[in-house]
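Here is how the chains run, residue by residue.
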Amino acid sequence: MWAYERVFYQIYPLGFCGAPFENDGVEAHRILQVTDWIPHLIKLGVGAVYFGPVFESDTHGYNTRDYRKIDVRLGNNADFRQVVDQLHAAGIRVVIDGVFNHVGRGFFGFQDVLRNRENSPYKDWFNINFGGDSPCGDGLWYEGWEGNYDLVRLNLRNPAVTDYLLGCVKQWIEEFDIDGLRLDVAYLLDPEFIRRLRRETSAWKEDFFLVGEMIGGDYRQIMGDDLCHSATNYECYKGLYSSFNSMNMFEIMHSLLRQYGSEPWCLYRGRHLLNFADNHDVSRFASILTNPEQLKPAYTLLFGMPGIPIIYYGSEWGVKADKSQGDPALRPHFERPEWNDLTDHIAGCAKAFSGSRALQYGSIEQRLLTNRQLIFDRRTEDGDRVLVAVNACGEEYHAHFDAQAGRARDLITGTVVDFGGGLVMPPYASWLLQPF
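This write-up is about the structure you can find in this document. Not measured: the values here are computed from a predicted model.

## Details of the pairing of strand 18 (residues 385-391)
(1) Moving on: Most of strand 18 is tucked away, with seven of its seven residues classed as buried.
(2) Moving on: By the alternation rule, side chains of strand 18 split into Arg385, Leu387, Ala389 and Asn391 and Val386, Val388 and Val390, which are all buried.
(3) Moving on: In this sheet, strand 18 lies alongside strand 17 (residues 373-379) in antiparallel orientation, the contact comprising seven bridges. Its bridge partner lying in strand 18, Leu374 is registered against Val390.
(4) Moving on: Joining the antiparallel neighbours strand 17 and strand 18 is a turn of five residues, in which Gly383 adopts a positive phi near 100 degrees.
(5) Moving on: Relative to strand 23 (residues 430-435), strand 18 runs antiparallel, the two being bridged by four bridges. Bridge pairing in strand 23 links Val388 to Leu432.

## Details of the packing of helix 7 (residues 234-245) against helix 8 (residues 249-260)
Angle between the axes and distance between the axes are the two parameters that describe a pair of packed helices.
(1) Moving on: Close contact between helix 7 and helix 8 brings their axes to 7 Å; oriented N to C, the two are set at 155 degrees. Relative to helix 8, the element helix 7 is oriented roughly antiparallel. The interaxial crossing formed by helix 7 with helix 8 has left-handed handedness. Each of Glu235, Cys236, Lys238, Gly239, Leu240, Ser242, Ser243 and Phe244 in helix 7 lies in contact with helix 8, whose residues at this interface are Met249, Glu251, Ile252, Ser255, Leu256, Arg258 and Gln259.
(2) Moving on: Tallied by class, the residues present in the contact of helix 7 with helix 8 amount to six nonpolar, five polar and four charged.

## Digging into the sheet that holds strand 9 (residues 144-145)
(1) Moving on: Across the sheet, which stays open at both edges, the three strands sit in the order 6-10-9 with antiparallel pairing between neighbours. A strand with exactly one partner marks an edge of an open sheet, and here the two such strands are strand 6 (102-104) and strand 9.
(2) Moving on: Strand direction decides the pairing type here: strand 9 and strand 10 (residues 148-153), joined by two bridges, are antiparallel. Pairing of Gly144 across the sheet is with Val152, part of strand 10.

## Overview of the packing of helix 5 (residues 159-176) against helix 6 (residues 191-204)
(1) Moving on: With their axes 11 Å apart at the nearest point, helix 5 and helix 6 run at an angle of 30 degrees to one another. It follows that helix 5 is roughly parallel to helix 6 by the angle criterion. Of the two possible hands of crossing, helix 5 and helix 6 adopt the one that is right-handed. Contacts from Thr162, Asp163, Leu165, Leu166, Val169, Lys170 and Ile173 in helix 5 reach Phe193, Arg196, Leu197, Glu200, Thr201 and Trp204 in helix 6.

What counts, and at which threshold
- Residues numbered from 1 in each chain as written.
- Predicted model: local features only at pLDDT ≥ 70, side-chain atom pairs only at ≥ 80, totals over all residues.
- Heavy atoms only, no water.
- Buried < 20%, exposed > 50% of the residue type's maximum accessible area, 1.4 Å probe, protein only.
- Helix = DSSP H or I, 4+ residues; strand = E, 2+ residues; numbered from the N terminus.
- Pairing = 2+ DSSP bridges.
- Axes fitted to C-alpha atoms, helices over the stretch in contact; angles between N-to-C directions.
- Parallel < 35°, antiparallel > 145°, perpendicular 65-115°, else oblique.
- Left-handed = near helix turned anticlockwise from the far one by under 90°.
- Contact = heavy atoms within 4.5 Å.
- Nonpolar A, V, L, I, M, F, W, Y, C, P; charged D, E, K, R; others polar.

Following this line, the structure appears as structure tokens:
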């Protein structure tokens, strides 16, 4: 699967393009700004872009009005096809958000229910109680996602709803030539709907990729041979920053071995979770880490662990923003991309991942673990091997471990490292080492 071999890059289009929060109905071709970033994406080593919501919505994109039409604040359908075509020409695949759990109050079917109540042909598309009332004073009650009444939950048990949604997805593949979907709040979607989505999209386009949003629980709820290919790895997202902030590498190593280790009880061996340091819903990684010196080793770990690495736009040069500032702060507009030492490091990690079967498909085996240092092996059955080594602290450390080799090339920088008598780890050093 192509997605297991690519570095992903997340864009939240409405923020990235500087669109107004409220849908003003004015068509503006803002989505074309993405094409100006393609040289940056190529230099960074990006192989796939995941776009947040692009379809017509009330405000933030997740309250969809029209699944068949690009949001006017971003442009039109032809604009988005142009963006996809240019990304494809650059060798970059495209995944978009599939928001199927709920719609906005402006969605045509819900508006028809508000007008025609029991006589609406769409009344069974939602969970409606005509004897109640909503906080919006509609004279009827409906289920909103987690109590948010701007997000009207769809009834995915209704075949008319699922037929409609699958028809929209088929249009997206035919009209835009997209390569995959990220399923919003996949943990609430009917698994039978996901199975049908997997079956039909695979028939419409070979190697069509599905990744589901999972916050917690067992990711196998939505991930499997007949479900999503992947799921968002919130467990290791938390473990990544927490291990560095608390100087406790045992936490992230425990999660990685629990997920991918060799024991029979390990949960996701052979699967490829989507690994991230931040995204549009959480504080920026540079704001979460208490010590900025740890950014580079943390990103080394992100690219070295099993799964698919994804970078959130702007975080590659260390942008800061805290969730307490509100969602718009997490989803800003930048006039142009920036480049600094952190970006250089992430580009090196991306190049290493994209060229290494061990990092893409290898097993994981712990070699050394202390509170502040971590070394583990990534290895394929045919012998491709990478050692992931991280020193999280500001003190030099001499690591003694069974390396089975004395020299290695750092795939991030290309430099040769000698560790025949152990690995000398300078402060905050990290490597992706290929022994030879």
